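Fold and contact review
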Amino acid sequence: MRWTTILLLLLSLSGCNFNDKGLAKLQVVEDLKLGSLMEDVKQQWFLYSSKALQVDQAVSSEKDIVYRGVSRDQGVTSFYLFFNSKTKKLEQVEWRYHSSMTEAKEQELRDFWAKKLWEPSYHQRWDGKVYVWSDRKARLELYLADGICHLIHRLN
């Protein structure tokens, strides 16, 4: 009986993917980490935004409370913090870059994150392309299309 239990455990574990490279703990902006509580992020807004965070009603939904900030990076037009409306935890951060900088930012961001993390997977979509760094807990996406450059960090 004991050996069969061990054998079943080993077989079930071999089918699981335990590939966690720490993307959920990655701080794309210093002092801002996925899973943080909304109150903590709101109290420390000055660490990653040049102006106080504002709720963006146009992007918010029943599922997400979305705050918009003003990045200190001049290339960023805006950035968004998506909090789960029930748990009040940060689930996604999105940076939107100036459309005129799309080409330059593509190379810069892809090279930066490839050196810091690893080579991304590449996906061609009908409306653009996406470079993805992913593990079992989170993903970092660089989404590019005609005049669009977004860096999206989200929990899975």
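Conventions used here
Per-chain numbering applies: the sequence of each chain, read as written, is numbered from 1 onward. Two thresholds apply to this predicted model, a pLDDT of at least 70 for residue-level local features and 80 or more for giving and counting side-chain atom pairs, whereas whole-chain, interface and lining totals are computed over all residues. Excluding hydrogens and water, the side-chain figures rest on all heavy atoms present in the structure. A run of H or I in DSSP counts as a helix once it spans at least four residues, and a run of E counts as a strand once it spans at least two, with each numbered from the N terminus. Any pair of nitrogen or oxygen atoms within 3.5 Å is treated as a polar contact; in protein, a donor-acceptor pairing is required on top of that, and neighbouring residues in sequence qualify only through side-chain atoms on both sides. Contact criterion: two residues are considered in contact whenever any of their non-hydrogen atoms come within 4.5 Å of each other. For a helix, the expected span equals 1.5 Å multiplied by the number of residues minus one. The classification of residues rests on relative accessible area computed with a 1.4 Å probe and restricted to protein chains. Under 20% of the type maximum is buried, over 50% is exposed, and intermediate values are partly exposed. Think of the arc as the fan of directions from the helix axis to the C-beta atoms.

Before going further, it helps to spend a moment on the side chain of Ser 36. Relative to the helices and strands, Ser 36 is located in the loop between α1 (2-14) and α2 (38-43). Separated by 2.6 Å, the side chain of Ser 36 and the backbone oxygen of Lys 33 make a polar contact. Excluding anything up to four places from it in sequence, Ser 36 contacts Val 41, Phe 83, Lys 88, Lys 89 and Leu 90.

With that out of the way, let us pick up helix α3 (residues 102-116). Compared with the 21 Å implied by 1.5 Å per residue over 15 residues, the 21 Å span of α3 between its first and last C-alpha is a close match. Of the positions making up α3, those classed as buried are Thr 102, Lys 105, Glu 106, Leu 109, Trp 113 and Ala 114. In an axial view of α3, the angular spread of the buried residues amounts to 145°, which keeps them on one side of the axis. Projecting away from the buried face of α3 at angles above 90 degrees are the exposed residues Glu 103, Ala 104 and Lys 115. The inward-facing, buried residues of α3 contact β4 (90-97), β6 (128-134), β7 (138-145) and β8 (148-155).

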